[in-house]
Amino acid sequence: MWFVFALASSFFHSFKYLFGKISGKKYDFYTILRSQWLFGLIILIPLFIFSQPDSPQKLFWSVILINGFFAILANSLFWRGMEESDMSMAVPLTTLTPIFTLVISPFVIGQFPSFLGFIGVITTIAGAYILNFNQSFKDILAPFRQLWINRGSRLVLGATFIWGITSIIDKIAIDLSSPILYLTFSYSIDALFISGII
């Protein structure tokens, strides 16, 4: 069942990136972010009321505030990167998020990647390499250097690294509450944060 949810998430994320890129031609990325979280709340609040989740543990509020800060930072970097680079090059870089999560999670929550997890990391790195490969490159490290030279790619990589951290914070917050409660309050705090920035 998890595979179906993961596939659906990737499918809808691709539309989010597409519409975000199109909207970026007319609106600034803070407006895009605020709209993303506010419209998300339109769906989440009725689900929250209907599900009537249990009260979260006390630590939940500290965790979700920290996560809100990182979410604003990561999304700001990502949409700036999207403005400055081609979508076909920027979006695939987000697949590197699990790599950062796998590296960081053993030190934060004590979860170590399985053998299949390592295979996934290698496959993801290979995919990022192939996407940046060009026949004009003179050595095998050129695609990685090209990633770093492009400012838009650097910004997206920065966002990807932060998302690797927030994925772990997401896990902690959900363990302290419930998925629907976490999402509702997470979107609410993010919307308030981004409104404050604006």
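Residues numbered from 1 in each chain as written. Predicted model: local features only at pLDDT ≥ 70, side-chain atom pairs only at ≥ 80, totals over all residues. Heavy atoms only, no water.

Undergrad: I'd like a description of a nonpolar patch on the surface, backed by residues and values.
TA: Together, Phe 39, Ile 42, Ile 43 and Leu 47 give the surface a local cluster of nonpolar side chains, amounting to about 450 Å² of exposed area. Looking at where Leu 47 falls in the secondary structure, it is placed in helix 2 (residues 29-51). Taking the relative accessible area as the measure of exposure, Leu 47 reaches 44% and is therefore partly exposed. (Patch = residues over 30% accessible without salt bridge, like charges linked within 9 Å, V, L, I, M, F, W, Y side chains within 5 Å. Areas by Shrake-Rupley, 256 points an atom, 1.4 Å probe, with all protein chains shown as cover. Salt bridge = Lys/Arg side-chain N within 4 Å of Asp/Glu carboxyl O. Helix = DSSP H or I, 4+ residues; strand = E, 2+ residues; numbered from the N terminus. Buried < 20%, exposed > 50% of the residue type's maximum accessible area, 1.4 Å probe, protein only.)

Undergrad: Describe the packing of helix 5 (residues 97-108) against helix 8 (residues 151-175), naming the residues involved and giving the relevant values.
TA: Running from N to C, helix 5 and helix 8 point in directions that differ by 45°, and their axes come no closer than 8 Å. With respect to each other, helix 5 and helix 8 are oriented oblique. With respect to the hand of their crossing, helix 5 and helix 8 are arranged in right-handed fashion. Between helix 5 and helix 8, the residues in contact are Thr 97, Phe 100, Thr 101, Ile 104, Ser 105 and Val 108 and Leu 157, Thr 160, Phe 161, Trp 163, Gly 164, Ile 165, Ser 167, Ile 168 and Ile 172, respectively. Looking at the contact of helix 5 with helix 8, its residues break down into nine nonpolar, six polar and no charged. (Axes fitted to C-alpha atoms, helices over the stretch in contact; angles between N-to-C directions. Parallel < 35°, antiparallel > 145°, perpendicular 65-115°, else oblique. Left-handed = near helix turned anticlockwise from the far one by under 90°. Contact = heavy atoms within 4.5 Å. Nonpolar A, V, L, I, M, F, W, Y, C, P; charged D, E, K, R; others polar.)

Undergrad: So what's going on with the packing of helix 3 (residues 59-84) against helix 8? Residues and values would help.
TA: Closest axis-to-axis distance for the helix 3/helix 8 pair is 8 Å, and the angle between their directions is 160°. Here helix 3 lies roughly antiparallel to helix 8, going by the angle between them. Both helix 3 and helix 8 take part in a crossing whose hand is left-handed. For the contact of helix 3 with helix 8, a count of residues per class yields 18 nonpolar, six polar and four charged.

Undergrad: So what's going on with the side chain of Thr 166? Residues and values would help.
TA: If you trace the backbone, Thr 166 turns up in helix 8. In contact with Thr 166, other than residues within four places in its own chain, are Asn 67, Phe 70 and Ala 71.

Undergrad: Explain the nonpolar core to me, using residue names and the numbers behind them.
TA: By size, the foremost hydrophobic cluster in this structure holds 22 residues, and its most contacted members are Leu 33, Trp 37, Phe 78, Trp 79 and Met 82. For this core, the secondary structure elements donating two or more residues are helix 2, helix 3, helix 8 and helix 9 (179-197). Filtering out sequence-adjacent residues up to four positions away, Trp 37 remains in contact with Ala 71, Ile 72, Asn 75, Tyr 187, Asp 190, Ala 191 and Ile 194. In terms of nonpolar packing, the next biggest core, distinct from the first, is built from nine residues, Ile 64, Ile 169, Leu 176 and Tyr 182 among them. (Core = buried A, V, L, I, M, F, W, Y, C linked by side-chain atoms within 4.5 Å.)

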